Amino acid sequence: MSVLIIGLILFLGAHSVRIVAPAWRDQRIASMGQGPWRGFYSLVSIVGFVLLVWGYGLARPDAPVLYEPPLWMKHVTALLMIFAFISLAIYAAPAGRLKPVLKHPMLVAIKIWAFAHLLANGDLASILLFGTFLVWAVFDRISVKRRAAPIPAGGPVSNDVIAIVGGLVIYALFVWRLHEWLFGVAPLQ
């Protein structure tokens with residue numbers, strides 16, 4: 001479990017500097033330069049991500065089960081994940097009408113993903129992973145709102161159609177094989 005915790009600390013810690021220490025972050029950028037700061041930030045994030053994925057894989061088989069979700073909850077999770085993938089695609093695609101409505105579609109996607117997975121997984125490793133991401137995303141959204149971060153301007157509806165179709169295609173690939181191939185768990189079984 002310690003590898004998972006270290007990974008979460010590194011990954012979400014790097015992504016939380018702007019939330020908890022914006023002045024320190026700005027000082028580092030000023031002293032190091034934008035390029036080296038981004039390189040350092042990326043390196044810490046990648047190492048953290050690798051450790052949290054590896055740590056989750058190590059911890060999950062032996063993690064104590066704190067609650068056993070009903071079987072139908074996996075179907076609720078699958079339904080919610082449609083919206084998570086669409087939100088993620090809206091984030092990645094050029095702005096349409098939905099990006100300004102969601103304001104921060106990446107954070108929406110993370111919150112839905114984390115909440116949905118908490119519904120379907122009751123082991124300690126899963127609660128730690130998905131619960132930490134959910135709490136972090138809520139705090140980041142509050143921070144973004146306090147910073148008055150710019151909301152993207154709207155664009156043509158065609159960008160929304162592209163994002164929705166792209167999100168549905170990626171979702172279908174995950175349900176079909178990717179989730180099992182990447183994580184060793186078939187989402188609907």
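One can find the structure itself at the top, above this paragraph.
About the thresholds
Residues numbered from 1 in each chain as written. Predicted model: local features only at pLDDT ≥ 70, side-chain atom pairs only at ≥ 80, totals over all residues. Heavy atoms only, no water. Helix = DSSP H or I, 4+ residues; strand = E, 2+ residues; numbered from the N terminus. Expected span 1.5 Å × (residues − 1). Buried < 20%, exposed > 50% of the residue type's maximum accessible area, 1.4 Å probe, protein only. Contact = heavy atoms within 4.5 Å. Patch = residues over 30% accessible without salt bridge, like charges linked within 9 Å, V, L, I, M, F, W, Y side chains within 5 Å. Areas by Shrake-Rupley, 256 points an atom, 1.4 Å probe, with all protein chains shown as cover. Salt bridge = Lys/Arg side-chain N within 4 Å of Asp/Glu carboxyl O. Phe/Tyr/Trp six-rings, centres within 6.5 Å; stacked < 30°, edge-to-face > 60°.

Here helix H5 (residues 73–92) spans 28 Å end to end across 20 residues, near enough to the 28 Å set by a 1.5 Å rise per residue. Buried residues of H5: Met73, Thr77, Ala78, Met81, Ala84, Phe85, Ile86, Ser87, Ala89 and Ile90, and no others. In this structure, the buried residues of H5 make contact with helix H6 (98–102), helix H7 (105–120) and helix H9 (157–183).

Tracing the chain through its elements places histidine 104 in the loop between H6 and H7. Setting aside its immediate chain neighbours within four residues, histidine 104 contacts Arg141, Val144, Ala149 and Pro150.

Right, let's get into a nonpolar patch on the surface. On the surface, Met1, Ile5, Ile9, Leu66, Tyr67 and Leu124 cluster together to form a nonpolar patch covering roughly 520 Å² of accessible area. With respect to the secondary-structure elements, isoleucine 5 resides in helix H1 (residues 2–14). Classification of isoleucine 5 by relative accessible area gives partly exposed; the value is 36%.

Throughout the structure, instances matching the rule amount to 2 salt bridges. When the shortest N-O distance is used, the salt bridge between aspartate 26 and arginine 25 registers 3.5 Å. Its relative accessible area of 46% is what places aspartate 26 among the partly exposed residues. In this structure, aspartate 123 and arginine 60 form a salt bridge, with 3.5 Å as the shortest nitrogen-oxygen distance. Taken as a pair, aspartate 123 in the loop between H7 and helix H8 (124–147) and arginine 60 in the loop between helix H4 (34–59) and H5 lie far apart in primary sequence, 63 residues in all. Owing to a relative accessible area of 8%, aspartate 123 belongs among the buried residues under this scheme.

A word on the packing of aromatic side chains. A full pass over the atoms with the stated rule returns 9 aromatic pairs. Considering the side-chain rings of phenylalanine 11 and phenylalanine 49, the 5.8 Å spacing of their centres and the 50° angle between planes classify their relative orientation as tilted. Residue phenylalanine 11 is found in helix H1, and its partner phenylalanine 49 is found in helix H4; the two are separated by 38 residues along the sequence. Among the residues examined, phenylalanine 11 registers a relative accessible area of 16% and is labelled buried. Relative to phenylalanine 174, the ring of phenylalanine 85 has its centre 5.0 Å away and its plane inclined at 45°; by these criteria the two rings are tilted. With phenylalanine 85 in helix H5 and phenylalanine 174 in helix H9, this residue pair connects regions lying 89 residues apart in the sequence. The same class applies to phenylalanine 85 and to phenylalanine 174, which are both buried. An aromatic cluster is defined as three or more aromatic residues linked by ring pairs; in this entry it consists of Phe11, Phe49, Tyr56, Trp113, Phe130 and Phe133.

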